[in-house]
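What follows is each chain in one-letter form.
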Amino acid sequence: MTELLPNIVAGRRVLGTGTGTVLRDPVTAAELVRVSREGLDLDSAFAQARDVAGPALRAVSYGQRAALLGEIAKILQANRDAYFEIATANSGTVQADSAIDIDGAIYTLSQYAKWGAALGDARALLDGPRASLAKDGVFASQHVLQPTRGVALFINAFNFPAWGLWEKAAPALLAGVPVIVKPATATAWLTQRMVADVVDARLLPEGALSVICGSSAGLLDRLQPFDVLSFTGSAETAALIRTHEAIARRSVRVNIEADSLNSALLLPGEAAGSETFELLVREVAREMTAKSGQKCTAIRRVLVPEQLYNATAQAIGARLSGITVGNPRNAAVKMGSLVSREQFDHVLAGLEALGAQTERLFDGTRAPLIDADPAVAACLGPVLLGTRDADAAARVHDTEVFGPVSTLVPYRDLDHALALIRRGEGSLVASLYGSDDAALATAALALADTHGRVHAISPAVAKTHTGHGNVMPQSLHGGPGRAGGGEELGGLRALNFYHRRAAVQAAAGVLDRLAAAPWA
Ligand code: NAP
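Calculation criteria
Residues numbered from 1 in each chain as written. Predicted model: local features only at pLDDT ≥ 70, side-chain atom pairs only at ≥ 80, totals over all residues. Heavy atoms only, no water. Helix = DSSP H or I, 4+ residues; strand = E, 2+ residues; numbered from the N terminus. Buried < 20%, exposed > 50% of the residue type's maximum accessible area, 1.4 Å probe, protein only. Near = heavy atom within 4 Å. Polar contact = N/O pair within 3.5 Å; in protein donor to acceptor, adjacent residues only side chain to side chain. Areas by Shrake-Rupley, 256 points an atom, 1.4 Å probe, with all protein chains shown as cover. 1 Å grid on protein atoms, 1.4 Å probe; cavity = no way out; pocket = protein on both sides within 12 Å on 5 of 7 lines; lining within 4 Å. Sits in = over half its atoms within 2 Å of the grid points. Axes fitted to C-alpha atoms, helices over the stretch in contact; angles between N-to-C directions. Parallel < 35°, antiparallel > 145°, perpendicular 65-115°, else oblique. Left-handed = near helix turned anticlockwise from the far one by under 90°. Contact = heavy atoms within 4.5 Å. Nonpolar A, V, L, I, M, F, W, Y, C, P; charged D, E, K, R; others polar. Points joined across faces, edges and corners; volume = space filled by probe spheres on them. Expected span 1.5 Å × (residues − 1). Bend = angle between axes of the 7 residues up to and from the residue. Salt bridge = Lys/Arg side-chain N within 4 Å of Asp/Glu carboxyl O. Domains from an automatic or database assignment. Buried area = accessible area lost by both parts, 1.4 Å probe. Pairing = 2+ DSSP bridges.

**Observations regarding the environment of N496**
Step number 1: Within the element layout of this structure, N496 appears in the loop between β21 (488-489) and β22 (499-507).
Step number 2: The exposure class of N496 is partly exposed, given its relative accessible area of 28%.
Step number 3: Along the primary structure N496 and A172 are separated by 324 residues, whereas in three dimensions their C-alpha atoms are 9.7 Å apart.

Here it is in structure tokens:
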């Protein structure tokens, strides 16, 4: 039998009982490792984190915790090769796609180490300026932010086993809040290995970072009023979490990052073949194929003026025709596999669901795979769908096919385009392509209330922009409505979630002694 990966709780490796769940190579179906959390003492795991590791983390300053993040980034950097091997085997991703996850994680940690260092010796944060409460100006109110006295429980999605951990853990640990992560079972190996490497280095108090692999049963039941829960995954699981007892009755703070029908919009007036047109085409093809389209931020709907429908379909199709699909170990392969045969079936079902309301403008599903058996591998070529009646094609605006699939959507004018985009009912990101700065700014503001991020691209940033789907720690990640209503990252704004805000009303002399750092 393959190796059973230990859970890591209270600073120790703990094997689950039973045979566990097998993690597989999605290209060859080979068994890789097993995970089990059966028999784990969850009460002790939460108690160690909450009562021992948390106070130890908060006994030092933001600056000292930021230095720990820097050390963690170094450990991850030193073990980077092993992480790429695990990603190739367990996620089926090519090197460049594994890098989005692994290097994205290390970059995010490094950024929080840098921003945290600027908070220096403080042990609390000031929130905004003081407000006078009395005519003499002596009695005043000052809002402060104190790290919450609980545990941060992360329940993560399968598509970002590395970044999904660290984009949450960096602000949590910087805030002084211990972390327990439950990665998605299918790709838990990489998360488990990263936690093991960091725990082995004995940088953190015991129990400050734990990983529990396997079922989520019983985890939410352990949550107490000052704990927080950060969930990333499907809208269906998110709905179950929202109605859980801990959230409903104990007011556990919850952040939800769910699915999203993200859009790319070519603004009116841009010609086929223009630089902006090419920028859109390149970005759509990249977003469809990066990580085989398994990015929550990937472009699902491509909106273009109706007279450019055919030209755009041709241009995107031409780019997609150069995408080779198969075993990521073969250097000729540009796109690896989906995460599992189960996801492969989900994508086929999604294509079927959209089929009645769309046409296939480019179909890569029949192209031969490189070094992979089509009967076994979870490899699927990209598919560009299109609809000629954007208003009637309701499924295009509400069905997320979590794979290399996008739909081309023609619009009449800008108002029509914006109305179609809003039918996504809240998304993580929209990208705009135009050559007129004022038009881009107007459209960006028009979409800012229904999106967590608007990525506005003009020729001036053609070479420097960071990409529609890449989540930069400087910018907010999350979105309203269907996207889950969550907020992550956005620089030090991310610390908000792990802090409690209180108003201290006192004499100016008392407020002068709060010894908190100004909000950066
Ligand atoms: P999922 O099936 O909802 O699973 C997400 C996590 O929830 C996994 O760890 C899963 O554990 C766990 N889970 C399943 N049932 C649960 C329950 N009843 N209670 C508590 N936890 C439970 O989602 P997925 O298939 O892994 O991820 C794909 C989806 O995530 C896509 O829709 C994508 O758009 C979304 N996503 C969103 C973001 C974002 O930032 N907005 C980022 C990435 C992905 P098991 O694996 O053990 O079942």
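**Regarding the site of the ligand**
Step number 1: Near the ligand there are 25 residues, and of these N156, T185, S234, T237 and E400 occur at the shortest range.
Step number 2: Separating an oxygen atom of the ligand from a backbone N or O atom of G233 is a distance of 3.4 Å.
Step number 3: Between E400 and the ligand, the recorded distance is 2.7 Å, taken from a side-chain N or O atom to an oxygen atom.
Step number 4: Coverage of the ligand by the protein amounts to 80% of the 910 Å² it exposes when considered alone.
Step number 5: Of all the cavities here, the one that holds the ligand is the largest pocket.
Step number 6: Contributing elements (two or more residues each) for the shell around the ligand: β11 (228-232) and α7 (235-242).

**Regarding the packing of helix α3 (residues 80-91) against helix α6 (residues 188-200)**
Step number 1: At a minimum axis distance of 9 Å, the contact between α3 and α6 shows a crossing angle of 165 degrees. Here α6 runs roughly antiparallel to α3, going by the angle between their axes. In this structure, α3 crosses over α6, and the sense of that crossing is right-handed. Residue-level inspection shows A82, Y83, I86 and N90 of α3 in contact with α6, the latter providing A188, W189, L190, R193, M194 and D197.
Step number 2: Partitioning the contact of α3 with α6 into residue classes produces 7 nonpolar, 1 polar and 2 charged.

**Overview of empty space enclosed by the protein**
Step number 1: Counted according to the given criterion, the structure contains 3 cavities of 30 Å³ or more.
Step number 2: Together, 13 residues line the largest cavity, and F160, W163, G164, E167 and T232 are the ones closest to its centre.
Step number 3: Looking at the lining of the largest cavity element by element, the count peaks at 4 residues for helix α5 (residues 163-175).
Step number 4: In terms of residue class, the lining of the largest cavity is made up of 4 nonpolar, 5 polar and 4 charged.
Step number 5: Each pocket or cavity is described by its volume, and for the second largest cavity that value is around 60 Å³.
Step number 6: Looking at the second largest cavity, the residues that line it are L261, R300, R301, L354, V396, T399, V401, V405, S406 and T407.
Step number 7: Split into classes, the residues belonging to the lining of the second largest cavity amount to 5 nonpolar, 3 polar and 2 charged.

**Comments concerning helix α1 (residues 42-58)**
Step number 1: Compared with an ideal rise of 1.5 Å per residue, which puts 17 residues at 24 Å, α1 spans 23 Å between its outermost C-alpha atoms and is within 8% of the ideal.
Step number 2: The sharpest bend along α1 reaches about 30 degrees and sits at A49.
Step number 3: Buried positions along α1 lie against β2 (7-9), α2 (62-78), β7 (139-147), β8 (152-155), α5 and β9 (179-182).
Step number 4: Regarding α1, its N-cap is D41, as a side-chain oxygen of that residue lies 3.3 Å from the backbone nitrogen of D43 further along.

**Some thoughts on the pattern of salt bridges**
Once the charged atoms of two side chains with opposite charge are near each other, the side chains can pair.
Step number 1: Under the defined criterion, the tally for this structure stands at 20 salt bridges.
Step number 2: A salt bridge links R249 to E245, with the nearest nitrogen and oxygen atoms 3.6 Å apart. Here the residue R249 and the residue E245 both occupy positions in helix α8 (residues 245-250), the gap between them amounting to 4 residues, near one helical turn.
Step number 3: With relative accessibility at 43%, the residue E245 sits in the partly exposed group.
Step number 4: Across the pair R360 and D363 runs a salt bridge whose closest N-O atoms are separated by 3.2 Å.

**Notes on the domain arrangement of the protein chain**
Step number 1: Here the protein chain is partitioned into domain 1 (7-258 + 487-518) and domain 2 (262-473).
Step number 2: Contact residues are listed per partner, giving 30 residues for domain 1 and 29 residues for domain 2.
Step number 3: Here domain 1 and domain 2 share an interface that buries about 2,200 Å² over both sides, 64% of which is from carbon and sulfur atoms.
Step number 4: On the domain 1 side of the contact with domain 2, V27, V94 and F158 bury the most area, a combined 26% of that side's loss.
Step number 5: On the surface where domain 1 and domain 2 come into contact, there are 1 salt bridge.
Step number 6: Put simply, R329 and D25 hold a salt bridge, and the shortest N to O gap is 2.6 Å.
Step number 7: Looking at the side of domain 1 that touches domain 2, the elements that each hand over two or more residues are α3 and α4 (95-117).
Step number 8: Looking at the side of domain 1 that touches domain 2 element by element, the count peaks at 8 residues for α4.

**Observations regarding the pairing of β7**
Step number 1: As defined by bridge partners, strand β6 (residues 125-132) adjoins β7 across 5 bridges and the pair is classed as antiparallel. Bridging across to β7, L125 finds its partner in L145.
Step number 2: Linkage of β6 to β7, two consecutive antiparallel strands, is achieved through a turn of 6 residues, within which G137 is found at a positive phi near 75 degrees.
Step number 3: The pairing of β7 with β22 spans 9 bridges and is antiparallel. Bridge pairing in β22 links S141 to Q505.

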